[in-house]
Amino acid sequence: MTERGSLIVLSGFSGVGKGTVLRLMMSRYDHYAYSVSATTRQPRTGEVDGRDYFFKSTEEFESMIERGELLEYARYVDHYYGTPRAYVRQQMESGRDVILEIEVQGALNIRRMVQDAILIYMLPPDAATLAGRLRGRGTETDDVIRGRLKAAAGEARHISDYDYVIVNDDAERCATRLNGLIEAQRLRTARNVAFIKEIQEGLEREARDN
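Residues numbered from 1 in each chain as written. Predicted model: local features only at pLDDT ≥ 70, side-chain atom pairs only at ≥ 80, totals over all residues. Heavy atoms only, no water.

**Some points on the overall build of the chain**
Secondary structure summary: the chain contains 8 helices and 9 strands in total. Along the longest, intermediate and shortest principal axes, the C-alpha atoms of the chain span 75 × 40 × 30 Å. Counting contacts in the chain only where the partners sit at least 6 residues apart, residues at least 24 apart contribute 67% of the total. Of the accessible surface of the chain, which amounts to about 11,700 Å², a share of 51% is contributed by carbon and sulfur atoms. Positive and negative side-chain charges of the chain, numbering 30 and 33 respectively, have mean locations separated by a distance of 2 Å. (Helix = DSSP H or I, 4+ residues; strand = E, 2+ residues; numbered from the N terminus. Contact = heavy atoms within 4.5 Å. Areas by Shrake-Rupley, 256 points an atom, 1.4 Å probe, with all protein chains shown as cover. Lys, Arg positive; Asp, Glu negative; His and termini not counted. Charge placed at Lys NZ, Arg CZ, Asp CG, Glu CD.)

Written out as structure tokens, the structure is:
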């Protein structure tokens with residue numbers, strides 16, 4: 001069976017709980033690598049540079065673009081976000097499934113560059129729940145929350161561009177479902193062409209020699 005890891009792109013509205021679900025899933029299973037994105041936005045309370053994001057100035061980020069150091073990048077709500085290229089390649093070749101937690105524009109850029117990437121969009125149970133979660137964080141002003149809800153309405157038009165949707169109605173259940181979905185991708189026939197051919201040739205030899 002294939003040993004090369006998959007590239008998983010997880011997107012979702014701000015406040016839908018992507019980070020919580022990923023932390024739960026990755027604490028249970030050891031075959032994942034989280035790709036830390038670079039961003040020009042300011043860190044939120046508790047976020048650590050190099051763990052949650054690589055926090056860059058606009059000048060630093062644009063230098064990374066010029067040097068070709070990003071697999072993808074996009075500008076979202078007045079800030080840059082991007083994926084360092086080398087880390088992703090290294091982890092996939094070692095057999096780990098790499099998780100990219102990025103927004104729609106970056107996800108669609110990945111799809112154009114890595115055709116076998118798996119795109120998953122996380123949804124809330126309903127729109128009112130999303131708005132409540134954003135307000136409940138208590139980290140942003142009303143104007144910022146309105147901006148995020150407006151951005152979510154725009155993002156919703158692109159959900160059908162993703163391969164799967166998953167609903168975060170409960171973080172524990174969602175983490176279990178997400179892991180099952182990702183693990184199933186390793187069993188796709190398109191990812192196991194060499195193994196299938198080996199089985200076919202082996203059966204032909206057995207049929208001929210016995």
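Now that the structure has been shown, the text picks up again.
**Quick word on the sheet that holds strand E4 (residues 53–55)**
Reading across from one edge, E4-E3-E6-E5 is the order of the 4 strands in this open sheet, with mixed pairing throughout. Strand pairing shows two members of the sheet lacking a second neighbour, E4 and strand E5 (70–76), which therefore form its edges. Each neighbouring strand pair of the sheet contributes to a mean axis angle of 25°, computed without reference to strand direction. Relative to strand E6 (residues 79–84), strand E3 (residues 37–39) runs antiparallel, the two sharing 2 bridges. (Pairing = 2+ DSSP bridges. Axes fitted to C-alpha atoms, helices over the stretch in contact; angles between N-to-C directions.)

**A short note on the nonpolar core**
By size, the foremost hydrophobic cluster in this structure holds 40 residues, and its most contacted members are Leu-7, Met-25, Leu-100, Ile-110, Ile-120, Leu-178 and Ile-182. Contributions of two or more residues to this core are made by strand E1 (7–12), helix H1 (18–28), strand E2 (32–35), helix H3 (85–93), strand E7 (97–101), helix H4 (104–113), strand E8 (118–123) and helix H7 (171–185). Element by element, the count of residues in this core is highest for E8, at 6 residues. Dropping the residues within four chain positions of it, Leu-7 is found in contact with Leu-71, Val-88, Met-92, Val-98, Leu-100, Ile-110, Val-114, Ala-117 and Ile-118. (Core = buried A, V, L, I, M, F, W, Y, C linked by side-chain atoms within 4.5 Å. Buried < 20%, exposed > 50% of the residue type's maximum accessible area, 1.4 Å probe, protein only.)

**Section: the environment of Tyr-32**
When you line up the elements, Tyr-32 lands in strand E2. Those residues within four positions of Tyr-32 in sequence are excluded, and the remaining contacts are Met-25, Met-26, Arg-96, Asp-97, Ile-99, Asn-179, Ile-182 and Glu-183. Side-chain polar atoms of Tyr-32 contact the side chain of Asn-179, separated by 2.7 Å. (Polar contact = N/O pair within 3.5 Å; in protein donor to acceptor, adjacent residues only side chain to side chain.)

**Some thoughts on the confidence of the model for the chain**
When pLDDT is averaged along the chain, the result is 90; 99% of the residues meet or exceed 70. Per-element confidence in the chain is highest for strand E9 (residues 164–167), whose mean pLDDT is 97, and lowest for helix H5 (residues 127–137), whose mean pLDDT is 82. (pLDDT = per-residue confidence, 0-100.)

**Digging into a negative patch on the surface**
On the surface, Glu-59, Glu-60, Glu-62 and Glu-66 cluster together into a negatively charged patch. Classification of Glu-59 by relative accessible area gives exposed; the value is 57%. (Patch = residues over 30% accessible without salt bridge, like charges linked within 9 Å, V, L, I, M, F, W, Y side chains within 5 Å. Salt bridge = Lys/Arg side-chain N within 4 Å of Asp/Glu carboxyl O.)

**Details of the sheet that holds E1**
The 5 strands are arranged E2-E7-E1-E8-E9 in an open sheet whose pairing can be described as parallel. Both edges of this open sheet fall to E2 and E9, since each of them pairs with a single strand only. Across this sheet, the average inter-strand angle for adjacent strands is 30°, counted without regard to direction. H4 rests against E1, E7 and E8 of the sheet, and its axis sits at about 155° to E1. The sheet contacts of H7 involve E1, E2, E7, E8 and E9, and relative to E9 the element is tilted by about 160°.

**Examining the environment of Lys-18**
Relative to the assigned elements, Lys-18 resides in helix H1. Lys-18 gets classed as buried once you look at its relative accessible area, which sits at 12%. C-alpha of Lys-18 to C-alpha of Ile-110: the two residues are 92 residues apart in sequence and 18 Å apart in space. Setting aside its immediate chain neighbours within four residues, Lys-18 contacts Leu-10, Ser-11, Gly-12, Phe-13, Glu-101 and Met-122.

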